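What follows is each chain in one-letter form.
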Amino acid sequence: MKQIKVNQYDAFSRKPHKGNPAGVVFKADSLTDHEMQLIATKAKFSETAFILPSSSAELHIRYFTPGQEVDLCGHATIASLYALYTNNMLSKKLTIETKAGILPIKIEDNDQVLITMNQAKPSFHPFNGSKDELASALGITVHDFSSDLPIVYGSTGSWTLIVPLKSLTACQKIQPLSERFPQLLTDFPRASIHPFCFETVHKDAHMHGRHFSSPYSGIVEDPVTGTASGVMGAYYATYVHDSAFSSMNLLVEQGLEIEKDGLVYVKVENSRDLCISIAGEAVYAETKTILI
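Residues numbered from 1 in each chain as written. Predicted model: local features only at pLDDT ≥ 70, side-chain atom pairs only at ≥ 80, totals over all residues. Heavy atoms only, no water.

1. Here we look at the overall build of the protein chain
Consideration 1: Secondary structure assignment for the protein chain yields 6 helices and 19 strands.
Consideration 2: Compactness check: the protein chain gives a C-alpha radius of gyration of 18 Å against a globular reference of 19 Å for 292 residues, within 12% of the reference.
Consideration 3: Structurally, the protein chain occupies a C-alpha span of about 50 × 40 × 35 Å along its principal axes.
Consideration 4: Counting over 292 residues, the protein chain shows a buried share of 57%.
Consideration 5: The contacts in the protein chain between residues at least 6 apart in sequence include a share of 65% that link residues at least 24 apart.
Consideration 6: Here the protein chain displays about 12,600 Å² of accessible surface, and carbon together with sulfur accounts for 47% of that area. (Helix = DSSP H or I, 4+ residues; strand = E, 2+ residues; numbered from the N terminus. Rg over C-alpha atoms; globule rule 2.2 N^0.38 Å. Buried < 20%, exposed > 50% of the residue type's maximum accessible area, 1.4 Å probe, protein only. Contact = heavy atoms within 4.5 Å. Areas by Shrake-Rupley, 256 points an atom, 1.4 Å probe, with all protein chains shown as cover.)

2. Section: the nonpolar core
Consideration 1: Within the largest apolar cluster, 53 residues are counted, with the highest numbers of intra-cluster contacts made by Tyr63, Leu81 and Ile96.
Consideration 2: Looking at this core element by element, the count peaks at 8 residues for helix H2 (residues 74-86).
Consideration 3: Once residues within four sequence positions are removed from consideration, Tyr63 is found in contact with Thr48, Ala49, Gln68, Glu69, Val70, Asp71, Leu72, Cys73, Ala76, Thr77, Ile96 and Thr98.
Consideration 4: With 24 residues, the next largest nonpolar core counts Ala135, Ala137, Leu161 and Ala170 among its residues. (Core = buried A, V, L, I, M, F, W, Y, C linked by side-chain atoms within 4.5 Å.)

3. Structural notes on H2
Working note: α-helix, 3.6 residues per turn, so residues spaced by three or four point in the same direction.
Consideration 1: Across its 13 residues, H2 extends 18 Å between first and last C-alpha, which sits within 8% of the 18 Å expected from 1.5 Å per residue.
Consideration 2: Where burial is concerned, most of H2 is hidden: 12 out of the 13 residues are buried.
Consideration 3: For H2, the full list of buried residues reads Gly74, His75, Ala76, Thr77, Ile78, Ala79, Ser80, Leu81, Tyr82, Ala83, Leu84 and Tyr85.
Consideration 4: Residue Asn88 follows H2 closely and has a positive phi angle near 60 degrees. (Expected span 1.5 Å × (residues − 1).)

4. Quick look at the side chain of Thr65
Consideration 1: Tracing the backbone through its elements, the reader meets Thr65 in the loop between strand S4 (59-64) and strand S5 (69-70).
Consideration 2: Among the polar contacts made by the side chain of Thr65, one reaches the main-chain amide nitrogen of Gly67 at a distance of 3.0 Å.
Consideration 3: Residues contacting Thr65, with those up to four places away along its chain left out, are Gln37, Ala40, Ser46, Glu47, Val70 and Ser217. (Polar contact = N/O pair within 3.5 Å; in protein donor to acceptor, adjacent residues only side chain to side chain.)

5. A closer look at helix H6 (residues 226-240)
Consideration 1: Along its 15 residues, H6 runs 20 Å from first to last C-alpha, staying within 8% of the 21 Å computed at 1.5 Å per residue.
Consideration 2: Where burial is concerned, most of H6 is hidden: 12 out of the 15 residues are buried.

6. A few points about the packing of aromatic side chains
Consideration 1: Inspection of every chain in the model, using the stated rule, returns 12 aromatic pairs.
Consideration 2: When the ring of Phe50 is compared with that of Phe64, the centres are 5.6 Å apart and the planes differ by 90 degrees; the resulting orientation is edge-to-face. Here Phe50, found in strand S3 (residues 48-52), pairs with Phe64, found in strand S4; they are 14 residues apart in sequence, far enough to count as distant. Grouping residues by exposure puts Phe50 and Phe64 together as buried.
Consideration 3: Geometrically, the ring pair formed by Phe127 and Tyr153 is edge-to-face, given 6.1 Å between the ring centres and 65 degrees between the ring planes. Placement of Phe127 in the loop between strand S9 (123-126) and helix H3 (131-138) and of Tyr153 in strand S10 (residues 152-155) is noted, with a sequence separation of 26 residues between them. Neither residue differs from the other here; Phe127 and Tyr153 are each classed as buried.
Consideration 4: Through a chain of ring-to-ring contacts, the aromatic side chains of Phe124, Phe196, Phe198, Tyr235, Tyr236 and Tyr239 assemble into a single cluster.
Consideration 5: Its guanidinium or amino end placed over the ring of Tyr216, Arg190 lies 4.0 Å from that ring's centre, counting from NZ or CZ. (Phe/Tyr/Trp six-rings, centres within 6.5 Å; stacked < 30°, edge-to-face > 60°. Lys NZ or Arg CZ within 6 Å of the ring centre and 35° of its normal.)

7. Some remarks on the layout of surface pockets
Consideration 1: Each pocket or cavity is described by its volume, and for the largest pocket that value is around 460 Å³.
Consideration 2: Contributing to the lining of the largest pocket are 26 residues, with Gln68, Val70, Ser158, Trp159 and Arg190 lying nearest its centre.
Consideration 3: Looking at the lining of the largest pocket, the elements that each hand over two or more residues are S5, strand S11 (159-164) and H6.
Consideration 4: The residue inventory of the lining of the largest pocket, partitioned by class, reads 8 nonpolar, 13 polar and 5 charged.
Consideration 5: There is about 340 Å³ of room inside the second largest pocket.
Consideration 6: Along the walls of the second largest pocket sit 18 residues, with Lys106, Thr116, Lys267, Ser277 and Ala279 positioned nearest its centre.
Consideration 7: Sorting the residues of the lining of the second largest pocket by element identifies strand S7 (101-109), strand S8 (113-118), strand S16 (247-254), strand S17 (262-269) and strand S18 (275-280) as the ones contributing at least two each.
Consideration 8: Here the lining of the second largest pocket is composed, by residue class, of 9 nonpolar, 4 polar and 5 charged. (1 Å grid on protein atoms, 1.4 Å probe; cavity = no way out; pocket = protein on both sides within 12 Å on 5 of 7 lines; lining within 4 Å. Points joined across faces, edges and corners; volume = space filled by probe spheres on them. Nonpolar A, V, L, I, M, F, W, Y, C, P; charged D, E, K, R; others polar.)

8. As for the environment of Gln8
Consideration 1: With respect to the helices and strands, Gln8 occurs in strand S1 (residues 3-11).
Consideration 2: Of the residues examined, Gln8 reaches a relative accessible area of 6% and is grouped as buried.
Consideration 3: Residues Gln8 and Gly23, spaced 15 residues apart in sequence, show a C-alpha to C-alpha distance of 4.8 Å.
Consideration 4: Residue contacts for Gln8: discarding those within four places in its chain leaves His17, Pro21, Ala22, Phe45, Val283, Tyr284, Ala285 and Glu286.
Consideration 5: Here Asp10 takes part through its side chain, which lies 2.9 Å from a polar atom of the side chain of Gln8.

Spelled out as structure tokens, the structure:
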């Protein structure tokens, strides 16, 4: 039996046990795929990141939910890089290998340690399913959907269904029936659902989001989601901001409904071929030992 230390770092917050918790396992190259999945299942974080050596980047990160491996996870990346940097294991500029590709990373260390990660090239795909069934699966009505903006699948490394809503009230009252998601999301049955609105709690925020995970992941709601916030930035540039721009900076809030208040900085560059990066802070919370 092995004893594995899983370090909890909370991303997109300076306060322990706020933001989005992720498990971080250092020096995971001795672990098998099965062992990584078992550790993630026992740790019960929305994602646990495993740090591995890489022949094509400074390091390789793999991400496991309690139910499956995923290609990329924004908050677990922020948490992992903060953990490595504050333990003197990283430089301020590097690249990481993920299943979504090789991604550049920048670390700023002024009065705060801010981790910036580029995301994969944005992709969108139309949602051709039933809006009535989608609303029912979220515990709202079709009248809560924005009448001016499309519901689409979006990805900057992981597919999610972007669902624009009319109001903060509509966002707050969602009660998801996640087991229905695969039958609704026929083009991407393992995708998550990410409702958002432009009404916010924090006065500096531009958008308010929630993230409901695929039932295959083993969790229901992800507190603060880096990859989906990146998709929100790409969505904003594509469907909301219809004029030319060189770059824009957005602030996304998430997690307030489940007492996990977090903020994600999103930068969108080059309006012809969108380049998306997200940035956030993190904080150490605790370490647990998992037996496998």
